[in-house]
Amino acid sequence: MRLGRGARVALTAFATIVLAFVYVPLVVVALNSFNSDRTFGWPPPGFTTQWWRAALQAQGPRDALLTSVQAGLGATAIAIVLGTLLALALSRYDFFGKHAISILVVLPIALPGIVTGIALQSVIQNVLRPVFGIDAGLFTIIVGHATFCIVIVFNNVTARLRRLGGSLEQASADLGAKPLTTFRRVTFPLLRSSLLAGALLAFALSFDEIVVTTFTAGPQSQTLPIWIFDNLFRPNQAPVVNVVAVVLIVLSIVPVWLAQRLGGADAAESRL
């Protein structure tokens, strides 16, 4: 379908406005992290790196960053294992309740985060704490994040399995390879890039999650987004919050960019 000149100009202008609405505030936050005015006067009267030095020396953001990385790695590890197994089961086998399980797997990412958070908080208060002695903390954050990170890995692996078909695995079985050998030497190498892309996206999603974390984190397990939210309206912390926000933006963009690169290479490979 070919668009006229007027339609192309209108679409370009609309896309530019939308992108500016999304990304210009991020640029302002980045500039304010170097603003010498504590009240963020605009235009900045000068630029300084003192807020970056203060952020590097502050213990709160460093502890929150470590907790976010630990939660992201833990949730990603769970998502890789369970998401891959679910994708293989639902893509390669037919059994009763297959479609219902598929819906249940994808449902957590479709539910509002606050609903998932309330449900998980109820489980923590009524089951984990009184029965198992597990209170809200890093473990519950990891489990809460894994509920939606599994969907990311599941979707990536399922899409890759559908493009591959089952001919190579069937050929391996015909040659006498056992299922585990087939997975290790045939299926897994073909899924490697999709798994890595899914893991990067899952980590990025976990790293900047705040709604579910609010209901599953304990007082001693503060993630970076939670730290930003708690200190956002404290005047003395406002400049440091901008610095931490810039770090969070960068740490969220990098895995998404890498996942897109891997996804593009994966698609090109499958076309070959």
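Given the structure is predicted, the values throughout are model-derived calculations rather than measurements. (Residues numbered from 1 in each chain as written. Predicted model: local features only at pLDDT ≥ 70, side-chain atom pairs only at ≥ 80, totals over all residues. Heavy atoms only, no water.)

**Q** Help me out: how do you make sense of the overall build of the protein chain in this one?
**A** Assigned secondary structure in the protein chain consists of 11 helices and zero strands. Reading the protein chain from its N terminus to its C terminus gives the helix and strand order α-α-α-α-α-α-α-α-α-α-α. Its C-alpha atoms put the protein chain at 75 × 65 × 30 Å along the principal axes. When burial is assessed residue by residue, the protein chain has 34% of its 272 residues classed as buried. (Helix = DSSP H or I, 4+ residues; strand = E, 2+ residues; numbered from the N terminus. Buried < 20%, exposed > 50% of the residue type's maximum accessible area, 1.4 Å probe, protein only.)

**Q** Before we go on, may I ask you to explain the pattern of salt bridges in this structure?
**A** Pairs may arise between side chains of opposite charge once their charged atoms sit close together. If you walk through the whole model with that rule in mind, you get two salt bridges. Where K98 meets D94, a salt bridge forms, and the shortest distance between an N and an O atom there is 3.1 Å. R129 is the partner of D135 in a salt bridge, and the nearest nitrogen-oxygen pair spans 2.8 Å. (Salt bridge = Lys/Arg side-chain N within 4 Å of Asp/Glu carboxyl O.)

**Q** What exactly am I supposed to notice about a nonpolar patch on the surface here?
**A** Together, F14, V18, L19, F21, V22, Y23 and L26 make up an exposed nonpolar region whose accessible area comes to about 730 Å². Position of V18 among the secondary structure elements: in helix α1 (residues 5–32). (Patch = residues over 30% accessible without salt bridge, like charges linked within 9 Å, V, L, I, M, F, W, Y side chains within 5 Å. Areas by Shrake-Rupley, 256 points an atom, 1.4 Å probe, with all protein chains shown as cover.)

**Q** Just to check I follow, could you spell out the nonpolar core for this structure?
**A** Residues C149, V153, V157 and L161 are the most contacted members of the largest nonpolar core, which totals 19 residues. Where this core is concerned, the elements lending two or more residues are α3 (59–92), α6 (138–164) and α8 (179–207). Sort the elements by how many residues they give to this core and α6 lands first, with eight residues. Those residues in contact with V153 that sit more than four places away from it in its chain are A79, I80, G83, T84, L195, G198, A199 and A202. Ranked by size, the runner-up nonpolar core spans 14 residues in total, among them A55, A64, V240 and A245. (Core = buried A, V, L, I, M, F, W, Y, C linked by side-chain atoms within 4.5 Å. Contact = heavy atoms within 4.5 Å.)

**Q** I would appreciate a short explanation of the side chain of T187 in the present structure.
**A** By the element assignment, T187 lies in helix α8. The class for T187 is buried, based on a relative accessible area of 4%.

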